[in-house]
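Structure at a glance
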Amino acid sequence: MMAWIILMVSGVFEAGWAISLKLSHGFSRLIPTVSFFVLAAVSLAGLAYAMRELPAGPAYAVWTGIGAALTAIVGMVWLGDGFSVMKLVSIVLIVAGVIGLNLAGVGH
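Scoring rules and cut-offs
- Residues numbered from 1 in each chain as written.
- Predicted model: local features only at pLDDT ≥ 70, side-chain atom pairs only at ≥ 80, totals over all residues.
- Heavy atoms only, no water.
- Helix = DSSP H or I, 4+ residues; strand = E, 2+ residues; numbered from the N terminus.
- Contact = heavy atoms within 4.5 Å.
- UniProt positions renumbered as here; feature names shortened; annotations may be inferred.
- pLDDT = per-residue confidence, 0-100.
- Core = buried A, V, L, I, M, F, W, Y, C linked by side-chain atoms within 4.5 Å.
- Buried < 20%, exposed > 50% of the residue type's maximum accessible area, 1.4 Å probe, protein only.
- Expected span 1.5 Å × (residues − 1).
- Patch = residues over 30% accessible without salt bridge, like charges linked within 9 Å, V, L, I, M, F, W, Y side chains within 5 Å.
- Areas by Shrake-Rupley, 256 points an atom, 1.4 Å probe, with all protein chains shown as cover.
- Salt bridge = Lys/Arg side-chain N within 4 Å of Asp/Glu carboxyl O.

Looking now at the side chain of Ser10. Its place among the elements puts Ser10 in helix α1 (residues 2-23). Sequence-distant contacts of Ser10, that is, excluding residues within four places in its chain, are made with Val42, Ser43, Gly46, Leu47 and Trp63.

Turning our attention to the UniProt feature "transmembrane region" (unreviewed entry) in the chain. Within this structure's numbering, the places UniProt gives as "transmembrane region" (unreviewed entry) are residues 34-51, 58-79 and 85-106. Counted over residues 34-51, helix gives 94% and strand 0%. Its end C-alpha atoms are 26 Å apart. This span, residues 58-79, is 95% helix and 0% strand, and a straight line between its end C-alpha atoms measures 29 Å.

Here the focus is the confidence of the model for the chain. Taken as a whole, the chain shows an average pLDDT of 93; of its residues, 96% reach a score of 70 or greater. Per-element confidence in the chain is highest for helix α2 (residues 30-50), whose mean pLDDT is 98, and lowest for helix α4 (residues 85-105), whose mean pLDDT is 87.

Turning our attention to the nonpolar core. Counting residues in each nonpolar core, the largest one holds eleven residues, listed as Ala3, Trp4, Leu7, Leu47, Ala50, Leu54, Ala59, Val62, Trp63, Ile66 and Val98. Here the element with the most residues in this core is helix α3 (residues 56-78); it accounts for four residues. Apart from the residues lying within four places of it in its own chain, the contact partners of Leu7 are Leu47, Ala50, Leu54, Ala59, Val62 and Trp63.

What follows covers α1. With 22 residues, α1 should reach 32 Å at 1.5 Å per residue; the first-to-last C-alpha distance of 32 Å fits that figure. Within the sequence span of α1, burial applies to Ala3, Trp4, Leu7, Ser10, Gly11, Glu14, Ala15, Gly16, Ile19 and Ser20. Of the residues flanking the end of α1, it is His25, one or two places downstream, whose phi is positive at about 50 degrees.

With that out of the way, let us pick up a nonpolar patch on the surface. On the surface, Met1, Met2, Ile5, Val9, Phe13, Leu30, Ile31, Val34, Val38 and Val42 cluster together to form a nonpolar patch covering roughly 970 Å² of accessible area. At the level of secondary structure, the elements contributing two or more residues to the nonpolar patch comprise α1 and α2. With respect to the element layout, Phe13 can be found in helix α1.

A few words on α2. With 21 residues, α2 extends 30 Å between its outermost C-alpha atoms, agreeing within 8% with the 30 Å of an ideal straight helix rising 1.5 Å per residue. Lining the buried residues of α2 we find α1 and α3.

Our focus in this paragraph is the environment of Ala15. In this fold, Ala15 is placed in helix α1. By relative accessible area, Ala15 is classed as buried at 4%. Sequence separation between Ala15 and Val74 is 59 residues, and the spatial gap between their C-alpha atoms is 8.7 Å. Among all residues touching Ala15, those that are not within four sequence positions of it are Gly67, Leu70 and Thr71.

Okay, here's the thing in structure tokens:
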């Protein structure tokens with residue numbers, strides 16, 4: 001169970017580095033650039049740690065799903081990416097997939 005928790009937290013850090021990458025404007029801004037590298041390292045380290053116990057496919061899918069969903073939400077709410085019902089439905093489907101993979105992977 002701890003591996004799943006670490007994996008999910010690492011997914012949040014994945015969203016953080018993706019947002020930092022956007023805010024770095026091609027690595028031309030110092031703080032977002034440094035934030036990108038730190039968050040990416042933490043996120044990948046957490047993924048690597050979790051994959052010691054979890055199957056690779058579900059672990060990677062959950063990690064990227066959490067990162068993608070959170071990045072899309074932050075983009076729509078704070079970065080001006082625009083909102084649509086289709087985007088919201090797609091995020092719900094990503095979250096449902098993450099939950100399903102988590103439930104399918106518990107105990108394996």
